[in-house]
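# Coordinate analysis (summary)
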Amino acid sequence: MNSVILIGRLVRDPELRFTANGKSVATFSIAVNRTYSKNNEADFFNIVVWGKPAENCANYLSKGKLVGIQGEIQNRSYEPQSGDKRYITEIIAS
């Protein structure tokens, strides 16, 4: 089972884009405070939302807002022009 639930604050405003076939996708990052940290440390997660929820995120969310995310973790890789292979971990929100 691949399931994650996070509560955190938006680090930046959501960025809304559309794919070639017209499907909407929103991306943003959230900061989740570590509960047992004495130094107010946080973990940062990249969030991806598809379809109508993506449009709602772009319209109603902004930097600093507290949000709850439910989704699954996804790893992917790509090669930029430099030729180095890079890996990304994202939360695909449902």
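Residues numbered from 1 in each chain as written. Predicted model: local features only at pLDDT ≥ 70, side-chain atom pairs only at ≥ 80, totals over all residues. Heavy atoms only, no water.

### Notes on the side chain of S29
Relative to the helices and strands, S29 resides in strand β3 (residues 24-33). Residue S29 is classed as buried on the basis of its relative accessible area, which comes to 10%. A polar contact is formed between the side chain of S29 and the side chain of N46, at a distance of 3.0 Å. If we ignore the near neighbours within four places in the chain, the residues touching S29 are R9, L10, V11, R12, F45 and N46. (Helix = DSSP H or I, 4+ residues; strand = E, 2+ residues; numbered from the N terminus. Buried < 20%, exposed > 50% of the residue type's maximum accessible area, 1.4 Å probe, protein only. Polar contact = N/O pair within 3.5 Å; in protein donor to acceptor, adjacent residues only side chain to side chain. Contact = heavy atoms within 4.5 Å.)

### Focus on the nonpolar core
In this structure, L6, F28, I30, I47, V49, I69 and I91 are the most contacted members of the largest nonpolar core, which totals 15 residues. Those elements that place two or more of their residues in this core are β1 (4-10), β3, β4 (42-50), α1 (52-60), β5 (66-78) and β6 (86-93). In contact with I91, other than residues within four places in its own chain, are V4, L6, F45, N46, I47, V48, I69, E72 and I73. (Core = buried A, V, L, I, M, F, W, Y, C linked by side-chain atoms within 4.5 Å.)

### Here's the deal with the pattern of salt bridges
Inspection of every chain in the model, using the stated rule, returns five salt bridges. Here E55 ties to K52 by a salt bridge, and the two come within 3.9 Å at their closest N and O atoms. Taken together, the residues span about one helical turn, with E55 and K52 both in helix α1 at a distance of three residues. The partner of E90 in a salt bridge is R76, and the shortest N-O contact between them spans 3.1 Å. In this pair, E90 is assigned in strand β6 and R76 in strand β5, connecting sequence segments 14 residues apart. Note on R76: relative accessible area 39%, which makes it partly exposed. Among the charged side chains, a salt-bridge network with shared partners connects R34, E41 and D43. (Salt bridge = Lys/Arg side-chain N within 4 Å of Asp/Glu carboxyl O.)

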